[in-house]
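Each chain, written out:
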Amino acid sequence: MTTKQDKSPELKKGEIKQILIQTASEILPDFEFLTYKNSCYTFQRLRQVNNLTVHELLHVIFTLKDKNFACSIASRLNSEYIFSNQYNIGLLNPHKDLKVLRHNSGALNIEDAYYFHNGQVETTTKTVKEIFGDFKRYGLPFLDKQVERLISNSIVERGLDYIDDLQTEKKKLKTDITEELNKGGLLLSSIKHPIYVDLKEKLQSVSGQSKDDRQKIPKTAHELLEIYWTR
């Protein structure tokens, strides 16, 4: 793909932006171009779940030099995570590589991990159409599944109720928990703050949890408190 030539012109610097925006408007018109930041083009759709705003994001990192695209998809309950490039398998702010979703596999070889182009308009446009086709086919079900989780997951419901009722000074809570995390090498097990411990225990007491969800409780408790002190 990267060496095969076509008869179209070479891509000019910045030209990819319009190709991405045009293709998104054709294939996923609900998603609007949000911004270009840290070499990443981000498209966003907002959805309301009860009284919560969910930021649904398509991230496209493009390189002309290496002739590839790296793409990912995210659903963020916490707007502070919109531009985070870290993957997340949590209950509230999941972020996953698009090719991992497409292949349903965690470990991919280099040929499968990226979308490739040849630096020319015609082939690059075809690749962009493939990317947004994959966002539609594999990404939209991922986003819908997350909305369903926010509506019906008992752990999420209990946690959101908890922070709705919480009345403590936000700035101090953030400072105290961040200090504990930093001292403990960013390990969640290092957080001994009574509010975090209480929330975690209340989430663990929810009946009928899957083993996978139960393992995510320490992270979920922390992300719930992040939502509390950022909103």
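Cut-offs applied
Residues numbered from 1 in each chain as written. Predicted model: local features only at pLDDT ≥ 70, side-chain atom pairs only at ≥ 80, totals over all residues. Heavy atoms only, no water. Axes fitted to C-alpha atoms, helices over the stretch in contact; angles between N-to-C directions. Helix = DSSP H or I, 4+ residues; strand = E, 2+ residues; numbered from the N terminus. Parallel < 35°, antiparallel > 145°, perpendicular 65-115°, else oblique. Left-handed = near helix turned anticlockwise from the far one by under 90°. Contact = heavy atoms within 4.5 Å. Nonpolar A, V, L, I, M, F, W, Y, C, P; charged D, E, K, R; others polar. Buried < 20%, exposed > 50% of the residue type's maximum accessible area, 1.4 Å probe, protein only. Disulfide = S-S within 2.5 Å. Polar contact = N/O pair within 3.5 Å; in protein donor to acceptor, adjacent residues only side chain to side chain.

Q: So what about the packing of helix α1 (residues 15-27) against helix α4 (residues 121-152)? Which residues, and what values?
A: Any two packed helices are characterised by how steeply their axes cross, that is the angle between the axes, and by the distance between the axes. Orientation of α1 relative to α4, taken along the N-to-C sense of each, is 40°, at an axis distance of 10 Å. With respect to each other, α1 and α4 are oriented oblique. For the element pair α1 and α4, the recorded crossing hand is right-handed. Between α1 and α4, the contacting residues are Glu15, Ile16, Ile19, Leu20, Thr23, Ala24, Glu26 and Ile27 on the first element and Val121, Thr124, Thr125, Val128, Lys129, Phe132, Gly133 and Lys136 on the second. Along the lines of polarity and charge, the residues of the contact of α1 with α4 split into 8 nonpolar, 4 polar and 4 charged.

Q: Before we move on, could you go through the environment of Ile217 and cite the residues and values that matter?
A: Mapped onto the fold, Ile217 is located in helix α9 (residues 217-230). The class for Ile217 is buried, based on a relative accessible area of 0%. Put simply, Ile217 and Val156 are 61 residues apart on the chain and 9.5 Å apart in space, counted from C-alpha to C-alpha. Not counting the four nearest positions on each side in its chain, Ile217 is found in contact with Ile155, Lys200, Leu203, Gln204 and Gln209.

Q: An account of the state of the cysteines is requested, with residue identities and associated values reported.
A: According to the stated counting rule, one finds 0 disulfides in the structure shown. Free of any disulfide, Cys40 has its nearest neighbouring cysteine sulfur in Cys71, separated by 8.7 Å. The class of Cys40 is buried, set by a relative accessible area of 10%.

Q: Give me the lowdown on the environment of Thr230, citing residues and values where you can.
A: Within the element layout of this structure, Thr230 appears in helix α9. Linking Thr230 and Thr220, residues 10 residues apart in sequence, is a C-alpha distance of 15 Å. Among all residues touching Thr230, those that are not within four sequence positions of it are Asn78 and Glu80. Of the polar contacts made by the side chain of Thr230, one reaches the backbone oxygen of Glu226; its length is 2.8 Å.

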